[in-house]
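Listed here are the chains, written in short residue letters.
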Amino acid sequence: MSTLSNPASKAPSIPDIVENLHKRSKRSYAEVCDRMAAHMKIEEYSLNNFNRKFRRKDASARYETDEMVGLVKGFVDDLSDFQRCRADEAFELFDLARIPITDFEQLKSQFSDQEYAAAWTHYTPTSTGKTPTEPKDDPDFLKPYYPQIFIGRDKDVVNIKIRLGVETSQPRQPITIIRGWPGVGKTTFVNRLAHDEALSRQFSDGVLWVSLGKDANLFGALKSWLIQVGIYSSQENTLDELVKRLRAALQGKNVLLIVDDLWTSEHGEIFKRIVTEKNTLLMTTRFTYIAEELSEIPDNIYILDVLSNEDSLKLLRKLAPKAVKKHERSLGNLIKTLEGLPLALRVAGSLLEKEEALGLDVEGLIRELTESYILVKQEAPTAYLDEATGQTPTIALLFQKSVETLQPADQEAFASLGVFASKPATFDLKAIARICLLDDAVPTLKAIVDHGLLEPMGNARFQMHYTLSIYAKSLQTP
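Nothing here was measured: the structure is a model prediction, and the numbers come from that model.

What counts, and where the lines are drawn
Residues numbered from 1 in each chain as written. Predicted model: local features only at pLDDT ≥ 70, side-chain atom pairs only at ≥ 80, totals over all residues. Heavy atoms only, no water. Core = buried A, V, L, I, M, F, W, Y, C linked by side-chain atoms within 4.5 Å. Buried < 20%, exposed > 50% of the residue type's maximum accessible area, 1.4 Å probe, protein only. Contact = heavy atoms within 4.5 Å. Phe/Tyr/Trp six-rings, centres within 6.5 Å; stacked < 30°, edge-to-face > 60°. Helix = DSSP H or I, 4+ residues; strand = E, 2+ residues; numbered from the N terminus. Axes fitted to C-alpha atoms, helices over the stretch in contact; angles between N-to-C directions. Parallel < 35°, antiparallel > 145°, perpendicular 65-115°, else oblique. Nonpolar A, V, L, I, M, F, W, Y, C, P; charged D, E, K, R; others polar. Arc of directions from axis to C-beta.

Novice: Can you help me understand the nonpolar core in this one?
Specialist: Looking at soluble globular proteins, one finds that nonpolar side chains tend to be buried together. Among the nonpolar cores identified, the biggest contains 106 residues, and Phe50, Phe54, Leu71, Leu352 and Phe414 are the most heavily contacted of them. Residues within four places of Phe54 in sequence aside, it is in contact with Ile14, Pro15, Val18, Met36, Tyr45, Tyr63, Glu67, Met68 and Leu71. One finds Val229, Ile274, Leu281 and Phe287 within the second-largest nonpolar core, a separate group that totals 34 residues.

Novice: Any chance you could explain the packing of aromatic side chains here in plain terms?
Specialist: To describe a pair of aromatic rings, you give the distance between the ring centres and the angle between the ring planes. With the rule as written, the count across this model stands at 11 aromatic pairs. Seen in terms of ring centroids, Tyr29 and Phe50 are 5.4 Å apart; in terms of plane orientation they differ by 45 degrees. Their pairing is tilted. Within this pair, whereas Tyr29 is found in helix α2 (residues 29–40), its partner Phe50 is found in helix α3 (residues 47–54), the two being separated by 21 residues in sequence. Taken as a pair, Tyr29 and Phe50 share a single burial class, namely buried. Summarising the aromatic geometry, the rings of Trp263 and Phe287 are spaced 4.9 Å apart at their centres and angled 75 degrees between planes, so their arrangement reads as edge-to-face. One end of the pair, Trp263, is in the loop between β5 (256–262) and α12 (265–272); the other, Phe287, is in the loop between β6 (280–285) and α13 (288–294), and 24 residues separate them in sequence. Each member of the pair, Trp263 together with Phe287, is buried.

Novice: Looking at this structure, I do not really get the packing of helix α20 (residues 408–416) against helix α22 (residues 442–450). What am I missing?
Specialist: Pairs of packed helices are described in terms of their axes, by the angle between the two and the distance that separates them. It is the contact of α20 with α22, at a shortest axis distance of 10 Å, that shows an interaxial angle of 80 degrees. In terms of their interaxial angle, α20 and α22 are classed as roughly perpendicular. Where α20 abuts α22, its residues Asp410, Ala413 and Phe414 lie against Thr444, Ala447 and Ile448. Taken together, the residues of the contact of α20 with α22 break down into four nonpolar, one polar and one charged.

Novice: Just checking my understanding: could you explain helix α7 (residues 154–163) for this structure?
Specialist: Those residues of α7 not exposed but buried are Asp156, Val157, Ile160, Lys161 and Arg163. Taken down its axis, α7 places every buried residue within 155 degrees of arc, on the same side. Away from its buried face, by an angle of more than 90 degrees, α7 presents the exposed residues Asp154 and Lys155. Those residues of α7 hidden inside the fold are in contact with β3 (175–179), α8 (186–194), α9 (197–202) and β7 (301–303). Residue Gly165 follows α7 closely and has a positive phi angle near 80 degrees.

Printed below as a string of structure tokens:
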């Protein structure tokens, strides 16, 4: 059984944490017992049992997940933010009680998405202290958050399952690289796949998942995987040693490896070295050149496209039911403007629903979102939480991370392309050269395409997603 260990906070025991919560919340132990009983749907949770398990250092005590969730609820429900149990304290209680990693998800309902995600940043999976020589038969693999809203991706799910050999007679593809615009929903897509029951049946030995990002800690990611399969040893001090250990551990195992948000092809090559004859590797990246460098054949790349107008409206109905019900006839131009980008639709939906709830000018907001670049200054959904900082960035910051990987001259050229903020923003090579004041626009064009900020349309024409184009335009505005 895997647990978590928090290096930043070494509470000696469960009783110490419970005592601190009792003092801070001013909630009696008797009331906590009553709330635990209500959660567990039992007649009574006796104070004697509570004292034995949670107030004395009883090394022989055994804890059930439902019991621990009830304890956390006892110190969360109907308490102020200052008084209540925090997510990091709940994680530590679960850790000390040796609750399986997979059951930590039951804490999600007790905390905000941001607090829950931030708590993970202080933890790394660790084993129970033993160092078995073989992977565990039933590993407690860590899974990503479960996306509640998932619209317009049924066909993509089917296509990826076919590539992975799920519910089909076709042979699986050992490597698939999912590529698409920034904000198209690559992370949401693979996170949902990680929870798919058919995939779980296909990959009977489990799904190993990791999200890397721009400032990835590759050593920590590989160490985490070794810990989850139960064979980590402090003797592995280099990336090469970790890779060899993982490859040996996964030999003959039917495991799906999900690597989300690659920013360098070097990191992708490391994970490719882990793949054995039964493993399957699924990676995502926003960068065209990384996908091409990692793919041995073009068919290894799967492009996750934007949503259709119909699915865009479905998503808005989900995000802003009241606003859409009243103003659906006015949304046609906005939907066309946002060009099916889930990130933009999510932010727009949130703004529309808030405006409607306040009784303000929704029609005016729809026009403003259609005609200006205020959208890129808005905060992204909580699904885009930066787990390293615990902050939710603006759309502009999410795009900025991609643009900053360009050379300075290419960044200036990208900003100049904001002049093509018509809908859709399409242009040819001559237009790029003229607007960017370049004698030879080909190297700049290739760089912007390689970084996933432009898409070739054929016949030497190119398209920039409208949301990216208004971001580029915003860079020209003081």
